[in-house]
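Here are the chains, one letter per residue:
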Amino acid sequence: QVQVVESGGGLVQPGGSLRLSCTAPGSSASGNIFSIFDMGWFRQAAGKQREWVATITSSGSTYYKDSVKGRFTTSRDNAKNTIYLQMNSLKPEDTAQYYCNVGGLYERGHYTTGKYWGQGTQVTVSS
């Protein structure tokens, strides 16, 4: 079993920035997952379905939902078993619970989720 921990959410004004982190501390299993598989970020706003936001592949390629392109950047540090989501120019419509997914696969324009999810971190964009 791989434990996934997210952090970095909070309350920010429109136009502000936050950086989310997703890490899987501990076992060698988590290290293998981070180095071999693709990772995804998702979000779920109140009353809405969870939606895909971004993916970073094992090779470092990145893909984004159209509405966050140019504002969000995902990166990874395999040595730390950690991925990041830098969110700039935040808008009220970015308000949601954000989740990372570990151990997925991105191919032909689609991210298939792995079985490990973080607990979520709340991002609220409001003045």
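Note that the structure is predicted; figures quoted are calculated from it, not measured.

**Structural notes on the state of the cysteines**
Here is step 1 of the chain: Following the criterion strictly, the structure yields 1 disulfide and no others.
Here is step 2 of the chain: The disulfide partner of Cys22 is Cys100, and the S-S distance across this bridge is 1.9 Å. On the sign convention where negative is left-handed, the bridge of Cys22 and Cys100, at about 55 degrees about the S-S bond, is right-handed. Taken together, the positions of Cys22 in strand β3 (residues 18-23) and Cys100 in strand β9 (residues 96-107) put the pair 78 residues apart, joining distant regions of the chain.

**Concerning the packing of aromatic side chains**
Here is step 1 of the chain: Throughout the structure, instances matching the rule amount to 5 aromatic pairs.
Here is step 2 of the chain: With a centroid separation of 5.9 Å and an interplanar angle of 50 degrees, the aromatic rings of Phe42 and Tyr111 are classed as tilted. Of this pair, Phe42 sits in strand β4 (residues 38-44) while Tyr111 sits in strand β10 (residues 110-112), and the two are 69 residues apart along the sequence.
Here is step 3 of the chain: Using a relative accessible area of 9% as the deciding quantity, one classes Phe42 as buried.
Here is step 4 of the chain: Here Tyr111 falls in the buried class, since its relative accessible area comes to 6%.
Here is step 5 of the chain: Taking NZ or CZ as reference, Arg50 lies 3.9 Å from the ring centre of Tyr99, over its face.
Here is step 6 of the chain: Cation over ring: Arg50 sits above Trp117, and NZ or CZ is 4.5 Å from the ring centre.

**Some points on the nonpolar core**
Here is step 1 of the chain: Within the largest apolar cluster, 28 residues are counted, with the highest numbers of intra-cluster contacts made by Trp41, Phe72, Ile83, Leu85, Met87, Tyr98 and Val102.
Here is step 2 of the chain: Those residues in contact with Ile83 that lie beyond four places of it in its chain are Leu20, Ser21, Cys22, Phe34, Met39, Trp41, Ile56, Ser75, Arg76 and Cys100.

**Describing the pairing of β9**
Here is step 1 of the chain: Across the 12 residues of β9, 9 count as buried, placing the element largely inside the fold.
Here is step 2 of the chain: Of the pairings in the sheet, the one linking β4 to β9 comprises 7 bridges and is antiparallel in character. Each residue of the ladder has a partner; that of Arg43, found in β9, is Tyr98.
Here is step 3 of the chain: By the bridge criterion, 3 bridges tie β9 to strand β12 (residues 121-125) in an arrangement that is antiparallel. Bridging across to β12, Gln97 finds its partner in Gln122.
Here is step 4 of the chain: As paired strands, β9 and strand β11 (residues 116-117) are joined by 2 bridges and run antiparallel to one another. Across the sheet, Asn101 pairs through a bridge with Trp117, a residue of β11.
Here is step 5 of the chain: Linkage of β9 to β10, two consecutive antiparallel strands, is achieved through a turn of 2 residues, within which Arg108 is found at a positive phi near 50 degrees.

**A look at the side chain of Glu6**
Here is step 1 of the chain: Following the sequence through the fold, Glu6 ends up in strand β1 (residues 5-7).
Here is step 2 of the chain: As a buried residue without a salt bridge, Glu6 has its nearest oppositely charged side chain in Arg50, at a separation of 7.7 Å.
Here is step 3 of the chain: In terms of polar contacts, Glu6 uses its side chain to reach the backbone amide nitrogen of Gly120, at 2.7 Å.

The rules we used
- Residues numbered from 1 in each chain as written.
- Predicted model: local features only at pLDDT ≥ 70, side-chain atom pairs only at ≥ 80, totals over all residues.
- Heavy atoms only, no water.
- Disulfide = S-S within 2.5 Å.
- Helix = DSSP H or I, 4+ residues; strand = E, 2+ residues; numbered from the N terminus.
- Phe/Tyr/Trp six-rings, centres within 6.5 Å; stacked < 30°, edge-to-face > 60°.
- Buried < 20%, exposed > 50% of the residue type's maximum accessible area, 1.4 Å probe, protein only.
- Lys NZ or Arg CZ within 6 Å of the ring centre and 35° of its normal.
- Core = buried A, V, L, I, M, F, W, Y, C linked by side-chain atoms within 4.5 Å.
- Contact = heavy atoms within 4.5 Å.
- Pairing = 2+ DSSP bridges.
- Lys, Arg positive; Asp, Glu negative; His and termini not counted.
- Salt bridge = Lys/Arg side-chain N within 4 Å of Asp/Glu carboxyl O.
- Polar contact = N/O pair within 3.5 Å; in protein donor to acceptor, adjacent residues only side chain to side chain.

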